[in-house]
Each structure stands twice: as C-alpha cells, then as structure tokens.
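Letter by letter, the chains look like this.
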Amino acid sequence: MAYIGSKGETYIIETPALGKGGEGSIYKIKGKSNLVLKVFNPDKRNETRHKKLLAMIKTPLSPNAMKQVTWPVDVVYENGIFIGYVMPLLKRVEDLNVMYSDKYICTLSERITIAKNLCAAVNAVHLAGQVCGDLNPKNIGVDPNTAIITLVDTDSYHITEKNGSRTYRCEVGLPEYLAKEIQDKLHNNKDKDLRTLPLPTFSKETDLFALAVHMFALLMNGCHPFSSAVDNNYSIGKLSQSKPSIVNPQPVENIRNCFFPFYEKRPGYTTPQYAPDFSVLPKKIQEMFVQAFVDGGKNPKLRPNTEDWYMALEEFEKHVKTCSKNEKHEYYDKLKKCPWCEIDNKMNSFMTQQVALQQKALKSSVQNNNTTQKTNSSTTTKSTITPKNNSYSSFSVKRESWPMWLLFIATGLASGPLMAYFLVIPYIMPLVYEHIDFEIPEAVFYIAMLVIGGIVGAVISHFTQDNYETATKGAPWLLISLLVPLATFIATAVVAAAVALVVGIVYVLIVIVILAIGGAIAAACCGG
C-alpha cells in the first residue's frame, strides 16, 4: 500500500506490521531502511494531532539529534486524508528503568555515560524550542551495547508552533515524574487532568525536573529521589499515644511537599535500604539535586539545565575508581570505602533476617495446619541476592562529529593540490602529453585535485562518523585522516582512468561516425 507525504513523496509500506498498539501500527518502508511509517487507527486520526505533527516537521532537529530522538520527518496521507507519519527506525533498546534493574549490572561509569547521553537527547529537543512533557522511563530507550539514548513516542510531546501561536499539549504523564508545579495544579483542579488543565502545564523546567529524577536513579542504585521509608529504629516512645502511627508518604506526596528525604531528615523517616547515602556523590552533584528538588520546587527556574548536568557528570567521570574487592563496583574516589559493598552486605543481612522470619512462620504454619498456599509462598523466598552477568559491551560517549569532518576534509583539500604539484603535473602529465597534441592548463589539475581531495575526505568522514561518535576514545579514529592522501591518490587514478575511457569511447564514436558519413558520401557519389 502506498501513502503520500506532505511534500508529495510516495511511501510504500511492507506488510505485515512491525508492531501494533493502542494508537496504530508501525510498518517498514520499501527503499528506506532507516525509516518507518506509523499508521494511526481511524479513531486516533484527528485534526489536532495532524496539526501537531505538521508543527513538529516544521521544527526539524539536527542530523545528530535525529539519531537520539524519533522525531517525525514527514506527515502522510491516503487519498488526501491524514493517516500517520514517518519517523526514524528505532533499533533494539531497553527502557531506561531496565538499565538500573537487576537485568543489567551496570558499573557507575556506564550509568554516567547513559546519564550524559540522556542530557544530550533532551538538550536536542530543547534546542529545537520544544518540550518533552511526558519524560517517563518507558519513553526513553537505551541501547544496551552502546548506552546511546533514543527518546520515543515523541508525538505525545508538548509542542508549540514556531510563531508561538498555538500549543499542542502533552496529555499524559506518570505522576512520579511530574514536577511540583504540575502536581499542585492537578491537586487544585481535581475535576481536570493533563488534557484539560489550564495552560501552561509542561515546560522546559518540568523536563529538567524529570531529567533530575532520572539522573538520581542512575547514580543512586535505581532509587527515586522522593522515595522514603519508615525508620524502624525510631523510638515509638517519642510519639504521643494520642497520635497515629507514622505512615510512609508516597513519592508524589513528597514532591508536592518538597520533601527530599536524602537531603532533609525528619523524625520517623529514612531512605530505602537499597539506596546509598547521599554523601557518596560529589558535593557539586549533591548541590545540583538540592537545586532541582528543593530550590526548584519553590522556583523552577533554579533547576540545573541539561548542559549543567552534562558538565558535572563529565567531571564526576574523572574521579571514579574501581573497588579492590569487586571490579563491577565503582565509586567516587574521594570516599574511603566502597558504598556498594556496604549496600550488598546490608541487603544480604536484611534478606537473611527475612528468610529466618519466614522460615519461623512456615514452621508455625505447618504445626497449626495452616493453608498450603501460605506454605508454598514461604518456601519460595531466596536467601541471597545473586548478581547477574554484565551484558554490556564497552560504552561510549556520544560526541559531536564536526571536528572529525573538518579534519578529514581539510586533509583532503590540502593533499589534493600537493599531489598535483609533486606527482601529477611533473610525472604523470608528460606521459599523457605523448599521446595528445594539446596541453591542459595546470590550474585545471589543481582545481580538480582540490575537489577530489575534499570529496574523499567527506566520504571517509561519512563512513567513520558513527564509530567516532560512540567510541570510548575518539582520537584513534582521527588517525584515519592519514589515509585520506592515499585514498585521494586512488580516487584520482580512478577518475583519470574513467576520463581516459570516456575520451577513448568518444574518439571511437567520432571515428565511426566519420567513417559512416564518408561511406555514405562515397556510396552516393558512386551511385551518381
């Protein structure tokens, strides 16, 4: 089936669909291996969505950013009726929260790389003048082999027309990732939701809140920054008998109250056992979290932006060291001992206590002939935390590719004319002139070699770009520029051979034409 894009381009889809969901189906496009087409279900095709997608393609992202965001590249129609849009193909990724679960045992360095790449992806959206809105972990994909981030489901983003005339709101969001200003608005308008709340709702500042939540979870063993727990060591005697027992508040309540339990200590509350102490982070990072969650709750403009986080993480990365007891444990080099070893010991002790309690309960239940269900549930408890093998390959930081392009093209532009001066003009052309009776101006050779060198540099840059951008160290890939002169020489030889071949063919054709004309004239004369 074929569909027509907003600029007249035809897209032919391949069936069956790659996937189907509540909104529509995703299809491959013939001849466009890097793109897919999303066809909305009929009930999801409305004019608001249509105009929103048109606004998105009018604010395109940079080529580098398009590798990090599944941003619409075209809107498609069937018989003139809006049916969906074209976007980049999303390769195999994991949801962000999976990367700090026990499916992958990531080192601190790997998590910092993920965090930096997330900053870069969100920054790309902000540079385009747009807002993510629903920045929950399900909308953030991570390549488990490279740590490269891809933001998905962007058609739900909070989009504003270029001229600011209209905002197409983000209508969804997980409460745990909504900033205080949105939480307060929802609390004060209980009859409304994100679809009907008075604007403004989402903003760059609310994105920065969600970003900080992800930064915290990545650096703090997957813990949400507003998670708290009841402190069992807190003396009940300190509580008045007339007061109720302490009830652990949910993260959403803590967000609304600006209660950041890792920073502010309140009687009866503590932080989750699996989370390290806030002090394991560098002082600068701690201060930024306080800005994001405490100060930012009072004034959203005070939240650190994507560049602030990126620079702080780069500095943190320089001060990471490996534990002497467990190579998978990495921590801030200013600490005296490994915090992850402490957490492992604490959690193993906790699990052992839980097993002992459940075994005691099991024994009691058997003696009292309790239900089989209780017995079965007790026997399934594990006594230790078993670490899984790290399925990561080497990680790489997403870096800008323009320095590589500049170096390669400059090398080509320099090597081309030099090759013409030292090789082509003095040695090759004299051999050529033995077979032709006219001379070619030297300037032609300089210009031709300049163009060939520049093109060779650009071609090598194109094929090297992905490796350079994602390599742990980019410098070795820059050494490939040394191959540009050799490739320029080979390209020149190929071009010269092609030119000689074309000239030869032209000469042959001319001779054939002349002979044909001469033969025709001779035949006419003889016939006369």
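Up top is the structure.
Note that this is a predicted model, so its numbers are computed, not measured. Residue numbers restart at each chain and count upward from 1, following the sequence in its written direction. Under the rules for a predicted model, residues below a pLDDT of 70 receive no local features and side-chain atom pairs below 80 are neither given nor counted, while totals for whole chains, interfaces and linings still include all residues. Note that the side-chain values use all heavy atoms of the structure and ignore hydrogens as well as water.

## Points about the overall build of the protein
A run of H or I in DSSP becomes a helix once it reaches four residues, and a run of E becomes a strand once it reaches two; helices and strands are each numbered from the N terminus. Helices and strands together make up the secondary structure of the protein, namely 14 helices and 15 strands. When a residue's accessible area, from a 1.4 Å probe over protein chains only, is under 20% of the maximum for its type it is buried; when over 50% it is exposed; and in between it is partly exposed. Relative to its full complement of 528 residues, the protein shows a buried share of 41%. Throughout, a contact is declared for two residues whenever any of their heavy atoms are within 4.5 Å. Taking contacts inside the protein between residues at least 6 apart in sequence as the whole, the part at least 24 apart equals 67%. Accessible surface is estimated by sampling points in the Shrake-Rupley manner with a 1.4 Å probe; for residues, cover comes only from the protein chains shown. Total accessible area on the protein stands at roughly 28,700 Å², and carbon and sulfur atoms take up 59% of it.

## Concerning the sheet that holds strand β8 (residues 140-142)
At least two DSSP bridges between two strands are required for those strands to pair. In spatial order, the strands read β7-β8-β9; together these 3 strands make up an open sheet with antiparallel pairing. The open sheet terminates on both sides in strands that have one partner only, identified here as β7 (94-95) and β9 (149-151). Alignment of β8 against β9, held across 3 bridges, turns out to be antiparallel. Bridged to Val142 within β9 is Ile149. Lines are fitted to the C-alpha atoms to define the axes, a helix being fitted only along its stretch in contact, and any angle between axes, read from their N-to-C directions, falls within 0 to 180 degrees. Here helix α3 (residues 108-127) sits on the sheet in contact with β8 and β9, set at roughly 35 degrees to β9.

## A few points about unusual backbone geometry
Outside of glycine, negative phi angles account for most residues, and trans bonds account for most peptide bonds. Here the amide bond leading from Thr15 into Pro16 is cis, since omega sits at 5 degrees, within 30 degrees of zero. In this structure, Pro16 sits in strand β2 (residues 10-20). Between Leu199 and the following residue, Pro200, the backbone shows a cis peptide bond with an omega angle of 5 degrees. With respect to the element layout, Pro200 can be found in the loop between α4 (180-188) and α5 (204-219).

## Concerning the packing of α3 against α5
Two elements in contact, α3 and α5, have axes separated by 9 Å at closest approach and are oriented at 170 degrees. Put simply, α3 runs roughly antiparallel to α5. Contact residues: α3 offers Leu108, Arg111, Ile112, Ile114, Ala115, Leu118, Cys119, Val122 and His126, while α5 offers Lys204, Asp207, Leu208, Leu211, His214, Met215, Ala217, Leu218 and Leu219. The residue classification treats Ala, Val, Leu, Ile, Met, Phe, Trp, Tyr, Cys and Pro as nonpolar and Asp, Glu, Lys and Arg as charged. All others, Gly included, are polar. Tallied by class, residues from the contact of α3 with α5 come to 13 nonpolar, 2 polar and 3 charged. Put simply, angles under 35 degrees are roughly parallel, angles over 145 are roughly antiparallel, angles from 65 to 115 are roughly perpendicular, and the rest are oblique.

## What about the pattern of salt bridges?
In the sections that follow, a salt bridge refers to a side-chain nitrogen of Lys or Arg positioned within 4 Å of a carboxyl oxygen of Asp or Glu. Across all of its chains, the model carries 16 salt bridges by this definition. With a closest N to O distance of 3.0 Å, Glu23 and Arg49 form a salt bridge. Placement of Glu23 in the loop between β2 and β3 (24-29) and of Arg49 in helix α1 (residues 47-57) is noted, with a sequence separation of 26 residues between them. By relative accessible area, Arg49 is classed as buried at 16%. Asp155 serves as the salt-bridge partner of Lys38, at 3.3 Å between the closest nitrogen and oxygen. With a gap of 117 residues between them, Lys38 in strand β4 (residues 32-40) and Asp155 in the loop between β9 and β10 (159-160) connect regions that are remote in the sequence. Overall, the relative accessible area of 8% leaves Asp155 in the buried class. Among the ionic contacts, a cluster of salt bridges with common partners joins Glu23, Lys38, Arg49 and Asp155.

## Side note on the sheet that holds strand β6 (residues 81-88)
Within the closed barrel, the 6 strands sit side by side as β1-β2-β3-β4-β6-β5. Their pairing is antiparallel. When strand polarity is set aside, the average angle formed by the axes of neighbouring strands in this sheet is 45 degrees. Pairing between strand β1 (residues 2-5) and strand β5 (residues 74-78): 2 bridges, direction antiparallel. Across the sheet, the residue bridging to Ile4 is Tyr77, located in β5. In the packing of α1 onto the sheet, contacts are made with β4, β5 and β6, and the angle to β5 comes to roughly 140 degrees.

## Re helix α7 (residues 283-298)
For α7, with 16 residues, the first-to-last C-alpha span of 22 Å sits near the 22 Å given by 1.5 Å per residue. For a residue, the bend is simply the angle between two axes, fitted respectively to the seven-residue segment ending there and the seven-residue segment starting there. The largest bend in α7 comes to about 35 degrees, at Gln291. Within the sequence span of α7, burial applies to Ile285, Gln286, Met288, Phe289, Val290, Ala292, Phe293, Val294, Gly296 and Gly297. Of the surrounding secondary structure, the elements contacted by the buried residues of α7 are α4, α5 and α8 (306-317). To estimate the expected span of a helix, count its residues, drop one, and scale the result by 1.5 Å.

## What to know about the nonpolar core
In these notes, a set of buried Ala, Val, Leu, Ile, Met, Phe, Trp, Tyr and Cys residues joined through side-chain atoms within 4.5 Å is what counts as a nonpolar core. In terms of nonpolar packing, the biggest core is built from 86 residues, with Leu151, Leu219, Phe260, Phe289 and Phe293 touching the most fellow members. Among the elements that line this core, the one with the most residues is α5, at 11 residues. With residues near it in sequence (within four places) discarded, Phe293 still touches Phe209, Ala212, Val213, Phe216, Pro225, Phe226, Cys258 and Phe260. Listed in part, the 10 residues of the second largest apolar core include Tyr11, Ile13, Val39 and Ile83.

## Looking at the state of the cysteines
We call a pair of cysteine sulfur atoms a disulfide whenever their separation is within 2.5 Å. Within the structure shown, the criterion is met by 0 disulfides. In this structure Cys323 is a free cysteine whose sulfur lies 3.7 Å from that of Cys341, the closest cysteine sulfur available.

## A word on the packing of aromatic side chains
Remark: the centre distance and the inter-plane angle together describe each pair of aromatic rings, the angle taken between the planes. Note on aromatic pairs: the rings of Phe, Tyr and Trp (six-membered ring only in Trp) are paired at centre separations within 6.5 Å, and the planes decide the class, stacked below 30 degrees, edge-to-face beyond 60, tilted for the rest. Tallied over the full model, the rule gives 20 aromatic pairs. Considering the side-chain rings of Phe40 and Tyr85, the 5.9 Å spacing of their centres and the 40 degrees angle between planes classify their relative orientation as tilted. Of this pair, Phe40 sits in strand β4 while Tyr85 sits in strand β6, placing them 45 residues apart in sequence. A single burial state applies to Phe40 and to Tyr85, both of which are buried. In textbook terms, an aromatic cluster arises when at least three aromatic residues are bridged by ring pairs, as seen for Phe209, Phe216, Phe226, Phe260, Phe262, Phe278, Phe289, Phe293 and Trp309.

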